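# Understanding the architecture of this molecule
Next come the chains, spelled out residue by residue.
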Amino acid sequence: MFRLALVLACAAALRLETPRVVLDIDAKRGAIASLRDVTSGVEFAAGGAREPLFELERADGKKLSADDFGDVHATTTDDALDVSFEAHPDAPGLRCDASFRAASDATVRARLRC
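The structure displayed is predicted, hence computed values, not measured ones. Residue indices begin from 1 for each chain and proceed along its sequence in written order. Per-residue local features of the predicted model are confined to residues with pLDDT of at least 70, and side-chain atom pairs are confined, for both listing and counting, to 80 or more; whole-chain, interface and lining totals are unaffected and use all residues. The side-chain numbers reported here are obtained from all heavy atoms of the structure, hydrogens and water having been left aside.

A few words on the nonpolar core. Here, nonpolar core means buried Ala, Val, Leu, Ile, Met, Phe, Trp, Tyr and Cys residues that are tied together by side-chain atoms lying within 4.5 Å of each other. The cut-offs for exposure are 20% and 50% of the maximum accessible area for each residue type, with area from a 1.4 Å probe on protein chains only; residues under the lower value are buried, those over the upper are exposed, and the others partly exposed. Leu-81, Phe-85 and Phe-100 are the most contacted members of the largest nonpolar core, which totals 15 residues. Counting residues per element, the ones that place at least two in this core are β2 (13-17), β3 (21-26), β8 (80-86) and β9 (96-102). A per-element tally of this core places β9 first, with 4 residues. In this structure Phe-85 touches Arg-29, Gly-30, Leu-53, Phe-54, Ala-66, Phe-69, Asp-71, Val-72, Leu-94, Arg-95, Cys-96 and Ala-98, once residues within four positions along its chain are discounted. Numbering of helices and strands starts at the N terminus; helices are DSSP runs of H or I of at least 4 residues and strands are runs of E of at least 2. Should any heavy atoms of two residues lie within 4.5 Å, those residues are counted as being in contact.

Here it is, written out as structure tokens:
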């Protein structure tokens, strides 16, 4: 079984940790705060600049960013992190769900459903 922990820092984050990967998700924005390879120690996502977790492009060309959703909720289970995004100003009825799961090979799998 993999360890899932609540990390208390300046901004609350949720952590999914496997023997190979440590993933921290910003609980307020649903963004990846850190993604680190445990073996090499390489950090793939830390730093001041970051991208939204996802961006959708509508048929009319309008782009909808994860950062623009007004209602973001992050939850945890035994081996997963789930983040729901609702209340986008340009698509009020849209809901997107991002899930991160600890896989049997100790990696993390991600899925986005909108």
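After that view of the structure, there is still more to cover.
Turning next to the pairing of β8. The buried count for β8 comes to 5 of 7 residues, which makes it a mostly enclosed element. Bridge count between strand β7 (residues 71-77) and β8: 7 bridges; the pairing is antiparallel. Counterpart to Asp-71 in the pairing with β8 is Glu-86. By definition, two strands form a pair when at least two bridges between them are found by DSSP. Counting the residues in the hairpin turn of β7 and β8 gives 2 residues. Pairing of β8 with β9 involves 6 bridges; the strand directions are antiparallel.

The antiparallel open sheet is built from 4 strands, whose spatial order is β7-β8-β9-β10. This sheet does not close on itself; its edge strands, each paired only once, are β7 and β10 (108-113). Averaged over neighbouring strand pairs, the angle between their axes works out to 15° when direction is ignored. Simply put, an axis is a line fit to the C-alpha atoms, just over the touching stretch for a helix, and the angle between two N-to-C directions goes from 0 to 180 degrees.

The next point concerns a negative patch on the surface. Taken together, Glu-51, Glu-55, Glu-57 and Asp-68 make up a surface patch of like negative charges. Structurally, the position occupied by Glu-57 is in strand β5 (residues 55-57). Like charges within 9 Å and nonpolar side chains (Val, Leu, Ile, Met, Phe, Trp, Tyr) within 5 Å are joined into patches, using only residues over 30% in relative accessible area that form no salt bridge. Per-residue accessibility takes into account occlusion by the displayed protein chains alone, with areas from the Shrake-Rupley method and a 1.4 Å probe. For this document, the term salt bridge refers to a Lys or Arg side-chain nitrogen within 4 Å of an Asp or Glu carboxyl oxygen. His is not counted, nor are the chain ends, whereas Lys and Arg count as positive and Asp and Glu as negative. The atom standing in for a charge is NZ when the residue is Lys, CZ when it is Arg, CG when it is Asp and CD when it is Glu.

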